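Commentary on secondary and tertiary structure
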Amino acid sequence: MEHLTNADGLLGYYIGIYIMVFLFGITIGSFLNVCIYRLPVGESLTKKNSHCMTCGAYIKWYDLIPVFSWLFLRGKCRACGSKISGRYILVESLTGLLFATTYLRFDVITDGLIYPAFLCLFIAGLIVIGFEDFDTQEMTLGVLIFITSIAAISRIGSMLLPDVFRGNEITLLDGFIGMFSVSVPFLIFGFVLTPLIYCFIISDDHKAARKIKRRLKKEKLNEKETEKLQKTLDKHLEAIKEVGPVYGFGMGDVLLMAAGGLMLGWKAAVVAAFIAILLGAVYALILKLKAKRDDEESVKAFAFGPFLVIGLVLASFFGTTLMDLYIDYLTVPQIPEYYLG
Ligand SMILES: [Zn+2]
């Protein structure tokens with residue numbers, strides 16, 4: 001961000017651009033909300049007008065101004081007064097902030113507006129995927145195709161029209177390697193290793209079933225307790241039979257990381273995966289502790305996509321720099337030749 005400290009008379013111009021990008025971002029965020037709610041259930045994005053989820057009243061245009069309307073109405077429907085989810089303002093302001101932060105990394109005068117715009121479109125797709133996966137544990141294929149296309153256009157465009165895509169730092173080869181650097185390990189881990197591990201060692205249903213069997217054998221229980229345990233045991237056995245192995249990574253995660261690597265390069269993709277796995281592990285631990293506190297027998301599977309999205313967004317800002325620092329750290333300093341004499 002050196003361009004801001006040396007901006008002199010242009011500082012106002014830069015700030016103006018960033019404010020515009022933020023306002024544009026919250027407007028896009030408003031559309032992303034529609035995508036997040038409608039795509040998973042297969043509703044059209046354009047057909048119906050927005051309406052209140054509780055009373056069904058159509059929302060007037062002046063109540064649809066991103067962020068500001070929600071604040072003005074204090075999160076309540078004008079017609080019926082019922083609460084409007086804070087999710088709306090969260091997605092809108094998040095989109096605005098991420099767009100502005102993306103542009104902040106570039107000197108819009110020398111780098112131009114095009115390449116940061118593609119990064120913003122990519123991030124917009126990530127936001128939809130993250131929330132979709134969080135809500136439904138699924139990603140819609142259309143959005144995955146969208147971000148893959150954005151990544152492909154950015155890489156090919158940067159090679160063919162370097163002048164238009166001036167801010168770009170990722171080479172085509174870098175992106176190509178990035179496409180496979182995380183997605184292939186995920187593919188192997190998710191579709192080969194995890195099912196094996198899950199089947200034989202760590203399935204929660206297996207574990208719970210084993211525990212109950214032990215209790216039934218060893219403890220002296222009255223009839224009612226035995227019946228209750230037997231019922232739970234049957235449920236676990238049923239689950240083991242029905243669900244089969246649960247994959248650690250879904251196909252959506254694999255495709256997401258392929259697109260992420262193509263867009264951001266292999267270094268950022270690897271950093272993104274590390275961030276995601278770290279956050280996912282912390283989240284799993286919290287779930288486990290919570291389940292223990294509430295005395296539930298097993299931890300439910302949760303979507304990993306949101307963590308990958310957080311990783312990719314953070315890595316899009318500093319992933320490459322972080323990886324370079326790490327590589328420098330690993331590299332053994334060379335002994336200057338005159339010492340070797
Ligand atoms: Zn209402």
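Residues numbered from 1 in each chain as written. Predicted model: local features only at pLDDT ≥ 70, side-chain atom pairs only at ≥ 80, totals over all residues. Heavy atoms only, no water.

Around the zinc ion, the donor atoms from the protein are Cys52 (SG), Cys55 (SG), Cys77 (SG) and Cys80 (SG), and they sit 2.3 Å away. Around the zinc ion sit four donor atoms, and with donor-metal-donor angles ranging over 104 to 117 degrees the site reads as tetrahedral. In terms of primary sequence, the donors binding the zinc ion are separated according to C-x2-C-x21-C-x2-C. Placement of the pair is cysteine 52 in the loop between helix H2 (11-38) and helix H3 (68-72) and cysteine 77 in the loop between H3 and helix H4 (87-104), with a sequence separation of 25 residues. (Donors = N, O, S within 2.8 Å, 3.2 Å for Na, K, Ca; no water. Tetrahedral: all angles 85-135°; square planar, octahedral: opposite > 155°, others 65-115°. Helix = DSSP H or I, 4+ residues; strand = E, 2+ residues; numbered from the N terminus.)

When the parts of a complex come together, some accessible area is lost, and that lost area is often taken as the interface size. Split by domain assignment, the protein chain resolves into domain 1 (1-111) and domain 2 (204-243). Using only C-alpha atoms to locate each centre, domain 1 and domain 2 end up separated by 50 Å. (Domains from an automatic or database assignment.)

Think of a pair of aromatic rings as described by two things: how far the centres are apart, and how the planes are tilted against each other in angle. Summed over all chains, the structure comprises 13 aromatic pairs. Measuring from centroid to centroid gives 5.4 Å for phenylalanine 176 and phenylalanine 180, while their planes differ by 75 degrees, and the two rings are edge-to-face. Here phenylalanine 176 and its partner phenylalanine 180 are both found in helix H8 (residues 172-181), four residues apart, which amounts to about one turn of the helix. Judged by relative accessible area, which is 39%, phenylalanine 180 ranks as partly exposed. (Phe/Tyr/Trp six-rings, centres within 6.5 Å; stacked < 30°, edge-to-face > 60°. Buried < 20%, exposed > 50% of the residue type's maximum accessible area, 1.4 Å probe, protein only.)

What follows covers the packing of helix H6 (residues 114-136) against helix H14 (residues 305-330). Helix-helix packing: each pair is described by the crossing angle between the helix axes and the interaxial distance. It is at 8 Å that the axes of H6 and H14 come closest, and there the two elements cross at 160 degrees. In terms of orientation, H6 lies roughly antiparallel with respect to H14. Seen along the crossing, H6 lies across H14 with a hand that is left-handed. Every residue of H14 that contacts H6 at Ile123, Leu126, Ile129, Gly130, Asp133 and Phe134 is listed here: Gly305, Pro306, Val309, Leu312, Val313 and Ser316. Among the residues forming the contact of H6 with H14, the class breakdown is eight nonpolar, three polar and one charged. (Axes fitted to C-alpha atoms, helices over the stretch in contact; angles between N-to-C directions. Parallel < 35°, antiparallel > 145°, perpendicular 65-115°, else oblique. Left-handed = near helix turned anticlockwise from the far one by under 90°. Contact = heavy atoms within 4.5 Å. Nonpolar A, V, L, I, M, F, W, Y, C, P; charged D, E, K, R; others polar.)

Let us look at the pattern of salt bridges. Across all of its chains, the model carries five salt bridges by this definition. The residue aspartate 63 makes a salt bridge to arginine 78 at a minimum N-O spacing of 2.6 Å. One end of the pair, aspartate 63, is in the loop between H2 and H3; the other, arginine 78, is in the loop between H3 and H4, and 15 residues separate them in sequence. Residue class for aspartate 63 comes out buried when judged on its relative accessible area of 12%. (Salt bridge = Lys/Arg side-chain N within 4 Å of Asp/Glu carboxyl O.)

Leu126, Ile129, Ile147, Phe186, Leu256, Met257 and Met263 are the most contacted members of the largest nonpolar core, which has 60 residues in total. Residue assignment for this core shows that the elements contributing at least two residues are H2, H4, H6, helix H7 (141-160), helix H12 (251-264), helix H13 (266-293) and H14. Ranked by residues supplied to this core, first place goes to H6 with twelve residues. Excluding residues within four positions of it along the chain, methionine 257 makes contact with Gly178, Val182, Ser183, Phe186, Ala269, Ala272, Ala273, Leu308 and Leu312. (Core = buried A, V, L, I, M, F, W, Y, C linked by side-chain atoms within 4.5 Å.)

The next subject is H4. Between its terminal C-alpha atoms H4 stretches 25 Å, which fits the 26 Å expected from 18 residues at 1.5 Å a residue. Check the buried side of H4 and you find it contacts H2, H3, helix H5 (108-111), H6 and H14. (Expected span 1.5 Å × (residues − 1).)

Right, let's get into the side chain of threonine 95. Within the secondary structure layout, threonine 95 lies in helix H4. When residues no more than four places from it in sequence are discounted, the contact partners of threonine 95 are Gly25, Ile28, Gly29, Leu32 and Ile127.

So, on to a positive patch on the surface. A surface patch of positive charge is lined by Lys207, Arg210, Lys211, Lys213, Arg214, Lys217, Lys218, Lys288 and Lys292. Looking at the positive patch, the elements with two or more residues in it are helix H10 (204-218) and H13. (Patch = residues over 30% accessible without salt bridge, like charges linked within 9 Å, V, L, I, M, F, W, Y side chains within 5 Å. Areas by Shrake-Rupley, 256 points an atom, 1.4 Å probe, with all protein chains shown as cover. Lys, Arg positive; Asp, Glu negative; His and termini not counted. Charge placed at Lys NZ, Arg CZ, Asp CG, Glu CD.)

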